[in-house]
Amino acid sequence: AKRLGGNTFHYYSHTLQESATRRMRLDTDLRSALENQQLAVHYQPIVHLSSGKIQKAEALVRWQHPTLGFVSPAEFIPVAEASALIIKIGDWVFQQAIMLAAQLRAVHDADFQVSVNVSPVQFRLNREGWQHWAEHLARLKLPGKTVAVEITEGLLMESRDEILNQLLLLRDMGMQVALDDFGTGYSSLAYLQKFDIDYLKIDRAFVQNISSGSSELSLCEAMIVMAHKLGLKVIAEGIETEEQCNMLRSIGCDYGQGFLFSRPIPANDLYELLGRTL
Ligand code: C2E
Ligand code: CA
Ligand code: CA
Ligand code: CA
């Protein structure tokens, strides 16, 4: 930055200052956001591609800030992760998601599954294990399979016994595990074999550029073939067009998720959507 002109440097340090201030502001306000009912959980349908049925949904947290407006989880989740706040938010999202699943399982589809994103920090700071999640499920008389936990490759790369044991605990409770954003990090197919993973979620970056003859199409096909050989189901993220959907279906992709089917929507809207489509 030193080689840049004075004005440029000034401008640059100014924005850094601004973003640090905003981060502190978000950190402070996030602490009371739950109590003040500013957080909500939206659900994005996951479609079984060969039948067209919505069999699952991903829970995605939303924050409507009173003065800043909508703040993206891509911005505030890292803030929550920097403190223990992510535990509180993660537990709350989990409880919201299984309440919706209980309703949908009773009325629409006995096997309906919700997936929740679990940050590596939730594994690292988790002192009480996952017993409280087991209790929440038991209270609603739900089997573990109601939930799929979405984790990222970074977690598996840590390879710490303590974290692996926690994954096993979730598995013992019957929950399923999905590997999120597959293909973006240091993906290794070895992880899929080493850890007991149920779903592979192909990242939106691949899906976006899929077209006939593209290298993305070949990559997706290779990922699907190998995932199936290892006994995993594949979910493609970020499907926006019919063309992408048809292409993925033709190479054997099991599930799809994206704006083509639906954006993430409030629980009530999903409830109505399922009532209309099932
Ligand atoms: P993610 O887990 O990869 O979630 C998928 C993101 O892609 C969501 O963004 C979703 O709205 C967006 N998306 C879905 N379909 C499409 C599409 O067709 N086109 C495009 N352009 N985008 C699509 P969102 O809701 O903003 O979430 C961003 C990230 O924040 C998530 O990425 C996840 O890493 C994190 N996140 C969200 N909710 C939670 C949560 O409850 N806990 C944790 N730990 N992380 C969360
Ligand atoms: Ca996810
Ligand atoms: Ca993802
Ligand atoms: Ca992603």
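Only a predicted model underlies this, so the values are computations on that prediction, with no experimental measurement involved.

Cut-off values and rules
- Residues numbered from 1 in each chain as written.
- Chains lettered and ligands numbered in written order.
- Predicted model: local features only at pLDDT ≥ 70, side-chain atom pairs only at ≥ 80, totals over all residues.
- Heavy atoms only, no water.
- Helix = DSSP H or I, 4+ residues; strand = E, 2+ residues; numbered from the N terminus.
- Rg over C-alpha atoms; globule rule 2.2 N^0.38 Å.
- Buried < 20%, exposed > 50% of the residue type's maximum accessible area, 1.4 Å probe, protein only.
- Contact = heavy atoms within 4.5 Å.
- Areas by Shrake-Rupley, 256 points an atom, 1.4 Å probe, with all protein chains shown as cover.
- Donors = N, O, S within 2.8 Å, 3.2 Å for Na, K, Ca; no water.
- Near = heavy atom within 4 Å.
- Polar contact = N/O pair within 3.5 Å; in protein donor to acceptor, adjacent residues only side chain to side chain.
- Salt bridge = Lys/Arg side-chain N within 4 Å of Asp/Glu carboxyl O.
- Expected span 1.5 Å × (residues − 1).
- Arc of directions from axis to C-beta.
- Phe/Tyr/Trp six-rings, centres within 6.5 Å; stacked < 30°, edge-to-face > 60°.
- Pairing = 2+ DSSP bridges.

(A) How the structure looks around the overall build of the chain. On a plain count of helices and strands, the chain comes out with 12 helices and 10 strands. On C-alpha atoms alone, the chain measures out to a radius of gyration of 20 Å, which is about the 19 Å that the 2.2 N^0.38 rule sets for 278 residues. For the chain, the spread of C-alpha atoms along the three principal axes comes to 60 × 50 × 45 Å. Looking at the chain as a whole, 46% of its 278 residues are labelled buried. Of all intrachain contacts in the chain linking residues separated by at least 6 positions in sequence, the fraction that spans at least 24 positions is 68%. Carbon together with sulfur atoms contributes 52% to the accessible area of the chain, which is approximately 14,100 Å² in total.

(B) Quick peek at the coordination of the calcium ion (ligand 4). Around the calcium ion (ligand 4), the donor atoms from the protein are Asp181 (OD) and Asp203 (OD), and they sit 2.6 to 3.1 Å away. If you look at the calcium ion (ligand 4) and the calcium ion (ligand 3), they sit 3.3 Å from each other and are both ligated by aspartate 181. Residue aspartate 181 is found in strand β6 (residues 176–182), and its partner aspartate 203 is found in the loop between β7 (199–202) and α9 (204–208); the two are separated by 22 residues along the sequence. Given a relative accessible area of 12%, aspartate 203 falls into the buried group.

(C) Region of interest: the site of ligand 1. Every one of the 21 residues lining ligand 1 counts as a neighbour, but Gln44, Arg62, Asp180, Glu240 and Phe259 are closest to it. Between ligand 1 and the protein, one listed contact pairs an oxygen atom with a side-chain N or O atom of asparagine 117 at 3.1 Å. Glutamate 240 places a side-chain nitrogen or oxygen 2.5 Å from a nitrogen atom of ligand 1. With the chains in place, 81% of the 800 Å² that ligand 1 exposes on its own is no longer accessible.

(D) Representation of the pattern of salt bridges. Counting across every chain of the model gives nine salt bridges. A salt bridge links glutamate 58 to lysine 201; the shortest N-O distance between them is 2.9 Å. Note that glutamate 58 is positioned in strand β2 (residues 53–65) and lysine 201 in strand β7, a separation of 143 residues in sequence. The residues glutamate 58 and lysine 201 share a single accessibility class, namely buried.

(E) Looking closely at the coordination of the calcium ion (ligand 2). Looking at the metal site, the calcium ion (ligand 2) is ligated by Glu58 (OE), Asn117 (OD1), Glu150 (OE) and Asp180 (OD), spaced 2.2 to 2.3 Å from it. Between the donor residues of the calcium ion (ligand 2), the gaps in sequence give the motif E-x58-N-x32-E-x29-D. The distance between the calcium ion (ligand 2) and the calcium ion (ligand 3) comes to 3.8 Å, and aspartate 180 binds to both of them. Of the two residues, glutamate 150 sits in strand β5 (residues 147–151) while aspartate 180 sits in strand β6, which places them 30 residues apart along the sequence.

(F) Representation of helix α10 (residues 215–229). Taking 1.5 Å of rise per residue, 15 residues should cover 21 Å, and α10 covers 21 Å from first to last C-alpha, within 8% of that figure. The complete set of buried residues in α10 reads Leu217, Cys220, Met223, Ile224 and Ala227. All buried residues of α10 project into a common sector of 125° when viewed along the axis, lining one side. Among the structural elements, β6, β7, α9, β8 (233–236) and α11 (242–250) are those in contact with the buried residues of α10. Looking one or two residues beyond α10, the residue adopting positive phi is glycine 231, at roughly 85°.

(G) Layout of the packing of aromatic side chains. Within this structure, the stated rule accounts for five aromatic pairs. A ring pair is formed by phenylalanine 123 and tryptophan 130, whose centres lie 5.4 Å apart and whose planes are at 65°; its orientation type is edge-to-face. Both residues of the pair, phenylalanine 123 and tryptophan 130, count as buried. Taken together, the aromatic side chains of Phe94, Phe123, Trp130 and Trp133 make up a single cluster linked through ring pairs.

(H) Structural detail: the environment of isoleucine 224. Of note, isoleucine 224 is situated in helix α10. C-alpha separation for the pair isoleucine 224 and glycine 252, spaced 28 residues apart in sequence, amounts to 7.0 Å. Sequence-distant contacts of isoleucine 224, that is, excluding residues within four places in its chain, are made with Ile202, Val234, Ile251, Gly252 and Cys253.

(I) Representation of the pairing of β2. Where burial is concerned, most of β2 is hidden: 10 out of the 13 residues are buried. Here strand β1 (residues 39–48) folds back onto β2 in antiparallel fashion, the turn holding four residues, of which glycine 52 has a positive phi close to 80°. As judged from the four bridges shared by β2 and strand β4 (residues 113–117), these two strands associate in the parallel manner. Its bridge partner being in β4, lysine 56 is matched across the sheet by glutamine 113. Bridge count for β2 against strand β3 (residues 69–71) is three bridges, and the pairing is antiparallel. Paired with glutamine 64 across the bridge in β3 is phenylalanine 70.

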